[in-house]
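This is what each chain is made of:
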Amino acid sequence: MMALPGGRHLDSITLPGQRLHLMQVDSVQRWMEDLKLMTECECMCILQAKPISLEEDAQSDLILAGGPGPGDPLQLLLKRGWVISTELRRIGQKLAQDRWARVHSMSVRLTCHARSMVSEYSAVSRSSSQEMGQIEKLLMEKCSELSAVTERCLQVENEHVLKSMKACVSETLSMLGQHFGQLLELALTREVQALVRKIDASDNIYTTESTTGNLFSLTQEGAPLCRIIAKEGGVMALFKVCRQDSFRCLYPQALRTLASICCVEEGVHQLEKVDGVLCLANILTDDSHSEATRAEAAAVVAQVTSPHLPVTQHLSSFLESMEEIVTALVKLCQEASSGEVFLLASAALANITFFDTMACEMLLQLNAIRVLLEACSDKQRVDTPYTRDQIVTILANMSVLEQCATDIIQENGVQLIMGMLSEKPRSGTPAEVAACERVQQKAAVTLARLSRDPDVAREAVRLSCMSRLIELCRSPSERNSSDAVLVACLVSFQKKDKNLCALLLWLLFWYIQGDLNLLVPNDAKIH
């Protein structure tokens, strides 16, 4: 008996027609098995030689909505650039895991994407420069080299040989990434230059609006693009828009774009060069501008005075206009019609208090404490922990001044600051939890600083502030599990009750050891 697939059997003596049928089936199966090997090389060559339709990349491009439109080189570069960057990262991950089959197949796909980017960009862009042509050639050579070497690795079984080849693949992948980065930067620089020239030369409001919108979209792609825009004159072109009365309706959009560019040091340097601070001061102090325009100007001020940017400490032009800017920002906080406007203005003030100590004295003279504390009871202006974070930052920095304590007591500020010790996140998102932690920490620091004044300390005790601080020290959930809040609360105790602070420092020691409730002596437990 002859066994057939499926468990059926056939007599050894068969008719000629039956034998022919078996031979045909066997031949077809063998042909289908061999077909993959026979056509694999040919398919790979076709894939490398001609880009497939954009729909084939849909799975890799889920984060980017849609594909680049016809004649849209910027979106094409961003789309293909994101895909290739993702593929490079994934190949590196698979290489570390020694998954050679995946490394090879992804290398082939990477070559397809690189070839598609080069050919598609050449079709829609202006004439290519010689430098770009050279880098394109180097990129494609490295792609071919990567595909070839990873294919050879599939045939190798010796681990020592594979280890040496792995180093070769890693080096090739690194060089490929460098060439790709250079090519993408050159291409994006050309497109940014074209946009900046268009804004600079345009006297048409619709053209300027469209081009500025494109520039803003680019700033949302990250710091590298912001650096390119700053380097290619984007800051100067946008401030030119903000200095023309005929473009007043475009000021908010231009200022929003400037705020994004100034997240990098290069943007702040360019702002200083073109007297951007003076322009911002003029906009903020001019009541004829809309609230939206002044709010966006406040956002730029907040960005350029950010304590995270070391270059902001050298903004000499800001000191010259600081009084006018601070006055305008306090007024904007007082008159803000929405939470967003108040947030932008208060964020600018908070950063300025880090920028220069004179700002705190100015705020004190402008009755900023009253303005800020009154806003806390207005849900239309202050309704998120992010806004309260800005307010308590200003109060914490102002609390180093002796007169600040008197003003806070007069405005019932101790009770409001104590309320901030109970800040809780609503949504539970990491950003909101972090904001709540900052609010609690800064509220405790503010109380600690203010408690140098006996009147503030007595008021805090009267309002049961000690009980709340103890609760924050005892319960991690009350302070959002933040050790920074714990330390701030202990510092606050030091200003109010040194004996209680010693006890709480003992609790902190056992907290660090890992078991607060079990290790604290019974007579020292806090109830």
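Preceding this section is the structure that the text describes.
Definitions and cut-offs
- Residues numbered from 1 in each chain as written.
- Predicted model: local features only at pLDDT ≥ 70, side-chain atom pairs only at ≥ 80, totals over all residues.
- Heavy atoms only, no water.
- Axes fitted to C-alpha atoms, helices over the stretch in contact; angles between N-to-C directions.
- Helix = DSSP H or I, 4+ residues; strand = E, 2+ residues; numbered from the N terminus.
- Left-handed = near helix turned anticlockwise from the far one by under 90°.
- Contact = heavy atoms within 4.5 Å.
- Nonpolar A, V, L, I, M, F, W, Y, C, P; charged D, E, K, R; others polar.
- Buried < 20%, exposed > 50% of the residue type's maximum accessible area, 1.4 Å probe, protein only.
- Phe/Tyr/Trp six-rings, centres within 6.5 Å; stacked < 30°, edge-to-face > 60°.
- Arc of directions from axis to C-beta.
- Polar contact = N/O pair within 3.5 Å; in protein donor to acceptor, adjacent residues only side chain to side chain.
- Salt bridge = Lys/Arg side-chain N within 4 Å of Asp/Glu carboxyl O.

Each pair of packed helices gets described by two things: the angle between the helix axes and the distance between those axes. Contact geometry of helix 5 (residues 159–201) with helix 6 (residues 205–219) gives a least axis separation of 9 Å together with a crossing angle of 145 degrees. Crossing geometry of helix 5 relative to helix 6 is assigned as left-handed. Across from Val 192, Leu 195, Lys 198 and Ile 199 in helix 5, the residues of helix 6 making contact are Thr 207, Thr 211, Thr 212, Asn 214, Leu 215 and Leu 218. Of the residues contributing to the contact of helix 5 with helix 6, the split by class is five nonpolar, four polar and one charged.

This part takes up the environment of Thr 189. Residue position: Thr 189 is located in helix 5. When its relative accessible area of 15% is taken as the criterion, Thr 189 is described as buried. For Thr 189 and Glu 232, which are 43 residues apart along the polypeptide, the C-alpha to C-alpha distance reads 7.6 Å. When neighbours within four sequence positions are excluded, Thr 189 is seen to be in contact with Ile 228 and Glu 232.

Another point: the packing of aromatic side chains. For the structure on display, the rule yields one aromatic pair. Centroid distance Phe 318 to Phe 355: 5.0 Å. Interplanar angle 75 degrees. Geometry classified as edge-to-face. With Phe 318 in helix 13 (residues 316–335) and Phe 355 in helix 14 (residues 339–355), this pair connects stretches of sequence that are 37 residues apart. The burial state of Phe 318 is the same as that of Phe 355; both residues are buried.

On to helix 21 (residues 454–462), then. All of the buried residues in helix 21 are Val 456, Ala 457 and Ala 460. The arc that holds every buried residue of helix 21, seen down its axis, measures 100 degrees, which confines them to one face. Seen from the open side of helix 21, the exposed residues pointing more than 90 degrees away from its buried face are Arg 458 and Arg 462. The N-capping residue of helix 21, defined by a side-chain oxygen 2.8 Å from the backbone nitrogen of Asp 455, is Asp 453. Remark: Ser 464 follows helix 21 within two positions and exhibits a positive phi of approximately 60 degrees.

Moving on, we get to the pattern of salt bridges. Inspection of the entire model under this criterion finds 17 salt bridges. The partner of Asp 98 in a salt bridge is Lys 166, with the nearest N and O atoms 3.0 Å apart. With Asp 98 in the loop between helix 2 (73–96) and helix 3 (100–124) and Lys 166 in helix 5, this pair connects stretches of sequence that are 68 residues apart. Note on Asp 98: relative accessible area 42%, which makes it partly exposed. Overall, Lys 166 belongs to the partly exposed group, its relative accessible area being 24%. The salt bridge involving Glu 296 is made with Arg 256; its shortest N-O contact spans 3.2 Å. Of the two residues, Glu 296 sits in helix 12 (residues 291–304) while Arg 256 sits in helix 9 (residues 251–261), which places them 40 residues apart along the sequence. Members of the salt-bridge network, linked through shared partners, are Asp 245, Arg 248 and Asp 286.

Here we take up the environment of Val 274. One can find Val 274 in the loop between helix 10 (265–273) and helix 11 (276–285). A residue is classified by how much of its surface remains accessible, and Val 274, at 13% relative accessible area, is buried. Taking the C-alpha atoms as reference, Val 274 lies 6.3 Å from Met 236; in sequence the two are 38 residues apart. Setting aside its immediate chain neighbours within four residues, Val 274 contacts Val 235, Met 236, Phe 239 and Arg 243.

Fair warning: the whole summary comes from geometry, so function is off the table for now.
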